[in-house]
Amino acid sequence: MSALPETQTLQNQRTKMKHPPGLYLLFFTELWERFSYYGMRAILVLYLTTELVSGGLGIKPSVAMTIYGFFTGAVYFTPLVGGYLSDRVLGRRLAITIGGITMALGNIVLFAINNQTGLYIGLILLIIGNGFFKPNISTLVGELYAPNDKRKDAAFTIFYMGINLGALFSPLVCGYLAEKYFATNINGVIHYGFKYGFLAAAIGMIIGQLIFNIFGNRYLGDIGKKPTGAPVKTNKETKTKAPLTKQEKQNVAVIFILTCFVIFFWAGFEQAGSSLTLYTDKFVDKSIGGWTMPTSWFQSLNPFFIIVLAPIVSQIWIKLSNSKRGDLPIPAKMGLGMILLGLGFAVLIPAVLQTGSDEHHVVEKANLLFIIFTYFLHTLGELCLSPVGLSMVSKLAPVRLASLLMGVWLAGTGVAQLLAGQLAAFTQSLGYLEIFSLISGVTIGLGLILLLLTKKLVRMMN
C-alpha cells in the first residue's frame, strides 16, 4: 500500500523538474525573431561591400564594417529606453509586440528600397524594434520561475537554443536566396538577390509575432501584461517606491561589473559578422568537392554548435548544482568563457601567417577547418557566458528595475559592438594578424582576472 504515495511523490518531483509551457512559447517567439535578425545580419556586410553592378551598395570594406558595428551596437543600446518604457508604461508583452512589428517593417524597407536611403531607414527601424523586443523577452523567461528555482539556468540555456535554432537556419535560407537562388549572371557579371534575403527575414519576424500573440494568453497568463516599475497609487496619492536595500545595491553593482568584463568578450565574438566574414570570403578555401559554399553559410556554424552543445552544457550545470561541491559560480563560468574566446582567435594566427592580410596577393588560402575550430571554441565560450549572464540579471535585478537592468546588460553588448566595428575596420589597415592576436591576448588576460575576482563577486551577490 505504500507504493502509491511513493509513486505520487516521484510524479510530483518530475512535475517540479519540468519547465512551464510558457518557456516553449518564448522559445519559438525568440527563434523567429533571431531568424529575422541573423538572416539579415549574415548578408548585411556582403550587401554593403558588393559592387552596385552586382546588387550591392559598393561601400568600402572599412566603412561598411564601421556601419555594421554602429548598427549592431545601437540595437543593444536602445533596450535601455525600451526596458524603461516597458517597466514604467507599456508592460513587457505590449513592448515585445511593438518591437516585432517595427523590426518586420525594417526588413521590408531593406527589401523594397535598394539604395543607401533604404539602408538607413531600414536599419533605424530595426534598431528601434530591437529596443522594445530584446530586454523584455529575456525578462519574461525569468518571470516564469521563482527567484531561487534551480531550473532557471537550464531554462535560459533551453531558451538560448531557440535563439540559435533560428540563427542556424536563417543564414542558410537568407544566404541561399541572396547568393544562389536569386543570383543571376548577366554578360558574365553576377547580380545577387540580397533583397530577397531581407524579405525572408521580414517573413520570419511576422511568423514569430503571430505565434506570440495567438498563444500568449494561454501559456503566459497575465505575466508581463502590466508594467512592474510604475509608481504605486495609495489613497489617490502617488508614493515613490522604497529605496533599494543594501543587498539590492550590491546586486546591481555586480551586474555593472560583469557587464564591463563581457564588453571585451562580445567585441571579439562579434567579429563573426564583420572581419571574420570578410576574412572567410577572401582568404579561406570554401570549396568542397568542386562546390563552393556561400560565405554567409559560415554564420550557421556558431548556432549549429550551440544546438549540439547546449543540452550537454545544461546537464553539466544541473549535475554540478546537485553535487556536494555545488555549481561553478557565475563569474567563474564567465571568466572561462572569455578564455575560450581568446583561444579561438589564437587558432586563426597560423592561418593568417599562411594567407597574409592582402586580398590581392593571397599566396595560399587557409583550410576551412581553421574557421570551423575557431567557431567551435567561440561557441563553448558563449555557452559559458551568455545564457548564465541572462540568468544572473534575472536573479539579481530588483523586480521594479528588471527590464531596465536587462537593458544595461544588453547595452554593454552595444558598447562591444561599436568596439567590434572599429577593430574590424582596423584589419583593413593594420592587418588580420595584429587584430586577431590583440583580441586573443586581451580576452584571455581578462578571463584570468575575472577568475581571480570570483570569490569577491560571489560574496557581493550573497
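Rules behind the numbers
Residues numbered from 1 in each chain as written. Predicted model: local features only at pLDDT ≥ 70, side-chain atom pairs only at ≥ 80, totals over all residues. Heavy atoms only, no water. Helix = DSSP H or I, 4+ residues; strand = E, 2+ residues; numbered from the N terminus. Phe/Tyr/Trp six-rings, centres within 6.5 Å; stacked < 30°, edge-to-face > 60°. Buried < 20%, exposed > 50% of the residue type's maximum accessible area, 1.4 Å probe, protein only. pLDDT = per-residue confidence, 0-100. Contact = heavy atoms within 4.5 Å. Expected span 1.5 Å × (residues − 1). Bend = angle between axes of the 7 residues up to and from the residue. Core = buried A, V, L, I, M, F, W, Y, C linked by side-chain atoms within 4.5 Å. Salt bridge = Lys/Arg side-chain N within 4 Å of Asp/Glu carboxyl O. Patch = residues over 30% accessible without salt bridge, like charges linked within 9 Å, V, L, I, M, F, W, Y side chains within 5 Å. Areas by Shrake-Rupley, 256 points an atom, 1.4 Å probe, with all protein chains shown as cover. Axes fitted to C-alpha atoms, helices over the stretch in contact; angles between N-to-C directions. Parallel < 35°, antiparallel > 145°, perpendicular 65-115°, else oblique. Nonpolar A, V, L, I, M, F, W, Y, C, P; charged D, E, K, R; others polar.

**What to know about the environment of phenylalanine 71**
Relative to the helices and strands, phenylalanine 71 is located in helix α3 (residues 61-77). Separated by 56 residues in the primary sequence, phenylalanine 71 and isoleucine 127 place their C-alpha atoms 7.1 Å from one another.

**Re the packing of aromatic side chains**
Summed over all chains, the structure comprises 25 aromatic pairs. Measuring from ring centre to ring centre gives 4.9 Å for phenylalanine 265 and tryptophan 266, while their planes differ by 85 degrees; the resulting arrangement is edge-to-face. By relative accessible area, which is 0% here, phenylalanine 265 ends up buried. For tryptophan 266, a relative accessible area of 7% translates into the label buried. Summarising the aromatic geometry, the rings of phenylalanine 283 and tyrosine 432 are spaced 5.6 Å apart at their centres and angled 70 degrees between planes, so their arrangement reads as edge-to-face. Here phenylalanine 283 is found in helix α10 (residues 275-283), whereas its partner tyrosine 432 is found in helix α15 (residues 432-461), with 149 residues between them in sequence. Tyrosine 432 sits in the buried class, given a relative accessible area of 2%.

**Looking at the confidence of the model for the protein chain**
The predicted model of the protein chain has a mean per-residue pLDDT of 86, with 93% of residues at 70 or higher. The least confident element of the protein chain is strand β4 (residues 237-239), whose mean pLDDT is 45; the most confident is helix α5 (residues 92-112), at 95. Confidence drops under a pLDDT of 50 for residues 8-15, and excluding neighbours within four residues, the segment shows one contact in the predicted structure. For the stretch residues 236-240, pLDDT sits under 50, and the model shows five contacts to residues farther than four places along the chain or on other chains.

**Observations concerning the side chain of threonine 427**
Within the secondary structure, threonine 427 sits in the loop between α14 (402-426) and α15. Setting aside its immediate chain neighbours within four residues, threonine 427 contacts Met65, Ser275, Tyr432 and Ile435.

**So, helix α9 (residues 246-269)**
For α9, with 24 residues, the first-to-last C-alpha span of 35 Å sits near the 34 Å given by 1.5 Å per residue. Of all the bends in α9, the largest measures some 30 degrees and sits at phenylalanine 261.

**Looking at the environment of leucine 369**
Relative to the assigned elements, leucine 369 resides in helix α13 (residues 368-396). Put simply, leucine 369 and phenylalanine 27 are 342 residues apart on the chain and 31 Å apart in space, counted from C-alpha to C-alpha.

**Observations regarding the nonpolar core**
Judged by nonpolar contacts, the single largest core of 115 residues is most densely connected at Leu26, Met40, Phe71, Tyr279, Met334 and Trp409. The greatest single-element share of this core, amounting to 14 residues, is contributed by helix α2 (residues 21-49). Setting aside its immediate chain neighbours within four residues, tryptophan 409 contacts Ile255, Leu258, Thr259, Val262, Met334, Gly389, Leu390, Met392 and Val393.

**Some words on unusual backbone geometry**
At asparagine 187, a residue that is not glycine, the phi angle is positive and equals roughly 55 degrees. Residue position: asparagine 187 is located in the loop between β1 (184-186) and β2 (189-191).

**Considerations on the pattern of salt bridges**
One pass over the structure, following the stated rule, counts eight salt bridges. With its nearest N and O atoms 3.0 Å apart, the salt bridge here joins aspartate 87 to arginine 92. Each member of the pair aspartate 87 and arginine 92 is classed as buried. Its salt-bridge partner being arginine 92, residue glutamate 143 comes within 2.6 Å of it at the nearest N-O pair. Placement of the pair is glutamate 143 in helix α6 (residues 116-143) and arginine 92 in helix α5, with a sequence separation of 51 residues. On the accessibility criterion, glutamate 143 (30% relative accessible area) is partly exposed. One network of salt bridges, in which partners are shared, links Glu30, Glu33 and Arg34.

**A short note on a nonpolar patch on the surface**
A cluster of nonpolar side chains, namely Ile101, Leu105, Ile108, Ile206, Leu210, Ile214, Phe215 and Tyr219, defines an oily patch on the protein surface of about 710 Å² accessible area. Of all the secondary structure elements, the ones that give two or more residues to the nonpolar patch are α5 and α8 (194-220). A total of five residues in the nonpolar patch trace back to one element, the largest contributor, which is α8. Checked against the element boundaries, phenylalanine 215 lands in helix α8. According to the relative accessible area criterion, phenylalanine 215 is partly exposed, its value standing at 34%.

**Quick word on the packing of α3 against α6**
The contact between α3 and α6 brings their axes to 7 Å, and the two run at 30 degrees. Relative to α6, the element α3 is oriented roughly parallel. Contact residues: α3 offers Ile67, Phe71, Ala74, Val75 and Tyr76, while α6 offers Tyr120, Leu123, Leu126, Ile127, Asn130 and Lys134. Its residues assigned to classes, the contact of α3 with α6 shows nine nonpolar, one polar and one charged.

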